[in-house]
Amino acid sequence: MQDQAKAIAVLTSGGDASGMNMAIRAVTRSALAQGWAVYGVSEGYAGLIAAPEEGKIRRLTARDVGGILGLGGTVLGSARCKDFHDASVRARGIANLAALGVDALVVIGGNGSQAGAHALHEQGLAVVGLASTIDNDLEGSDITLGADTAANVAVDAVDKLRVTSSSHRRASIVEVMGRSCGYLALTVGLATGAEAIVLPEQDLGPDEVAQRIASAYDRGKHHAIVIVAEGARYNAAALAEILEREHRERVRFDMRVTVLGHIQRGGTPTVFDRLLGARLGAHAIDCLERGEHGVLVGLRGNEVVTTPLADVVGKQKPLGLELVELAQTLAQ
Ligand code: ATP
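Counting from 1, residues in each chain are numbered in the order their sequence is written. For a predicted model such as this one, the threshold for reporting local features is a pLDDT of at least 70, and the threshold for listing and counting side-chain atom pairs is 80 or more; totals across whole chains, interfaces and linings nevertheless cover every residue. As a rule here, side-chain values come from all non-hydrogen atoms in the structure, and water together with hydrogens is ignored.

**Focus on the domain arrangement of the protein chain**
Splitting the protein chain by domain gives domain 1 (7–146 + 269–311) and domain 2 (148–265). Here the limits of each domain have been adopted from an automatic or database domain assignment. Measuring from the centre of the C-alpha atoms in domain 1 to the corresponding centre in domain 2 gives 35 Å. A buried area of about 1,200 Å², summed over both sides, lies between domain 1 and domain 2, and 50% of it is on carbon and sulfur atoms. Summed over both partners, buried area is the accessible surface (1.4 Å probe) that two parts give up on being assembled. In terms of surface lost to domain 2, no three residues of domain 1 exceed Ile134, Asp135 and Thr270, which account for 44% of the buried area on that side. Between Lys or Arg on one side and Asp or Glu on the other, a salt bridge is scored when a side-chain nitrogen of the former is within 4 Å of a carboxyl oxygen of the latter. Run the count over domain 1 and domain 2 and you get 1 salt bridge. Between arginine 265 and aspartate 16 there is a salt bridge, with its nearest N and O atoms 4.0 Å apart. Polar contacts here mean pairs of N or O atoms no more than 3.5 Å apart (in protein, one a potential hydrogen donor and the other a potential acceptor; neighbouring residues in sequence count only if both atoms are side-chain atoms). Applying the counting rule to domain 1 against domain 2 returns 7 residue pairs in polar contact (both at pLDDT 80 or more).

**Concerning the sheet that holds strand β7 (residues 196–198)**
Strand order in the open sheet formed by 4 strands is β7-β8-β6-β9, with parallel pairing between adjacent strands. The two strands at the open ends of the sheet, each matched to only one other strand, are β7 and β9 (254–259). The average undirected angle you get between the axes of adjacent strands in this sheet is 20°. One bridge is not enough; two strands pair if DSSP finds at least two bridges between them. Helix numbers and strand numbers start at the N terminus; a helix is a DSSP run of H or I with at least 4 residues, a strand a run of E with at least 2. Of the pairings in the sheet, the one linking strand β6 (residues 170–176) to strand β8 (residues 223–229) comprises 7 bridges and is parallel in character. When the sheet's bridge partners are listed, serine 172 is paired in β8 with isoleucine 225. Axis definition: a line fitted to C-alpha atoms, over the contacting stretch in the case of helices. Angles run 0 to 180 degrees between N-to-C directions.

**Side note on the sheet that holds strand β11 (residues 303–308)**
With mixed pairing, the 7 strands of this open sheet are ordered in space as β3-β2-β1-β4-β5-β10-β11. Unpaired on one side and paired on the other, β3 (57–59) and β11 mark the two borders of the sheet. The sheet shows a mean angle of 25° between the axes of neighbouring strands, taken without regard to direction. On the sheet, helix α4 (residues 111–122) packs against β4 (104–109), β5 (126–131) and β10 (295–300) and is oriented at approximately 165° with respect to β4. In what follows, residue pairs with any heavy atoms lying within 4.5 Å of each other are defined as contacts. Along the sheet, helix α9 (residues 271–289) makes contact with β1 (7–12), β4, β5, β10 and β11, crossing β10 at roughly 140°.

**Topic: the UniProt feature "active site" (unreviewed entry) in the protein chain**
UniProt positions are given in the numbering used here, feature names are shortened, and annotations may be inferred rather than shown by experiment. The UniProt record annotates "active site" (unreviewed entry) at Asp135. Relative to the helices and strands, aspartate 135 resides in the loop between β5 and α5 (147–168). Residues within four places of aspartate 135 in sequence aside, it is in contact with Gly178, Arg179, Cys181 and Tyr183.

**Description of the environment of arginine 179**
When you line up the elements, arginine 179 lands in the loop between β6 and α6 (183–192). When a residue's accessible area, from a 1.4 Å probe over protein chains only, is under 20% of the maximum for its type it is buried; when over 50% it is exposed; and in between it is partly exposed. Given a relative accessible area of 45%, arginine 179 falls into the partly exposed group. The spacing of arginine 179 and isoleucine 134 is 45 residues in sequence and 9.5 Å in space, taken between C-alpha atoms. Those residues in contact with arginine 179, other than ones at most four positions away along the chain, are Arg80, Asp135, Glu230 and Gly231.

**Notes on the site of the ligand**
The near set for a molecule or strand comprises every residue that places at least one heavy atom within 4 Å of it. If you check the shell around the ligand, you find 18 residues, and the closest are Arg80, Cys81, Gly112, Ser113 and Thr133. In this structure, an oxygen atom belonging to the ligand sits 3.2 Å away from a side-chain N or O atom of arginine 179. Here the shell around the ligand gets 5 residues from one element, more than from any other, and that element is α4. Throughout this entry, Asp, Glu, Lys and Arg are counted as charged residues, while Ala, Val, Leu, Ile, Met, Phe, Trp, Tyr, Cys and Pro are counted as nonpolar. The remaining residues, Gly among them, count as polar. Looking at side-chain class alone, the shell around the ligand contains 4 nonpolar, 10 polar and 4 charged residues.

**Describing the pattern of salt bridges**
If you walk through the whole model with that rule in mind, you get 16 salt bridges. Here lysine 160 ties to aspartate 156 by a salt bridge, and the two come within 2.8 Å at their closest N and O atoms. Taken together, the residues lysine 160 and aspartate 156, both in helix α5 and 4 residues apart, mark about one turn of the helix. A relative accessible area of 54% means that lysine 160 is categorised as exposed. The closest approach of N and O atoms between arginine 250 and aspartate 207, which form a salt bridge, is 2.6 Å. Placement of the pair is arginine 250 in helix α8 (residues 236–251) and aspartate 207 in helix α7 (residues 206–218), with a sequence separation of 43 residues. With relative accessibility at 29%, the residue arginine 250 sits in the partly exposed group. A network of salt bridges, in which partner residues are shared, links Arg170, Asp254 and Arg256.

**What to know about the nonpolar core**
The set of buried Ala, Val, Leu, Ile, Met, Phe, Trp, Tyr and Cys residues whose side-chain atoms join them within 4.5 Å is what this entry labels a nonpolar core. Among the nonpolar cores identified, the biggest contains 58 residues, and Ile8, Val106, Ile108, Val176, Ile227, Ile285 and Leu288 are the most heavily contacted of them. It is α5 that provides the largest number of residues to this core, a total of 8 residues. Per-domain counts for this core show at least three residues from each of domain 1 (7–146 + 269–311) and domain 2 (148–265). By size, the runner-up hydrophobic cluster in this structure holds 27 residues, among which are Tyr45, Val102, Ala117 and Leu309.

Right under this line is the structure:
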């Protein structure tokens, strides 16, 4: 056994994701079970580097993380913190932890947050990352904490849109989140039987989208659904504008744009995300207990695994496009 942590801290960073609270609970209670002290850092890296008198780093007891597992978002709060790109600012965060006797940190977050975690590790802090982002774009985890809930929220919204679209014989052009990764769009598109799915990874031009909508109309459908990833070449509004301007006669359906936006972050964590949060959180503490750090904890198949943060940062997990073909085949 190498350096054993006696006091640890946990923070959530970047976009909030449902299931983060279960992860906070699992990290906290697993560490307490080891007899360690646990500190919760408010507002991500911004809280970590704040002046101590601001009180952003507080002791957590088992009771402090009670009653949170069914809540979306993160009870610790999250933030995006530009200053954290600066090594001297990060050193302030490490010093803040050292002043409390904290020698290890669990970072729950996505790509950017794990880049920050890696940078902290390079500066000597024992850090374990926990793969959590609705975008599901992190190398080192087949699925990231929060993606399942976000997909469920979006599917629920599209199911509702379909009802009103059918009543008015409309095409719904729906934009979903995911940054530059099409995972959410593809998942939602397949799960809702969308006529077309427009992804950053596979560019479906307006002409092809118009063709798919027209084909739905010709088959007597009363609605058409087009799912657009926020990182695609055209966002939903731009795509609808081109369809209206250049393909109106072909499309025929009346068209409406819906941008789901931050609604997708607000869901009650699904059972899947609760279990994932619990497993990843507990594993993060196992890692620290055996002196393993500088790694990301994620899921491969049904196994919780670790990947060196150095192999994770600066990459985007490629999207398996076989589901695109399946979605197309099934949307006839
Ligand atoms: P999501 O994609 O789900 O919103 P994320 O973790 O990728 O989550 P970002 O906003 O990209 O969210 O990053 C969160 C924070 O991580 C940033 O605000 C910044 O404080 C820190 N960060 C990002 N990249 C780096 C980096 N290269 N070095 C140090 N810190 C970084």
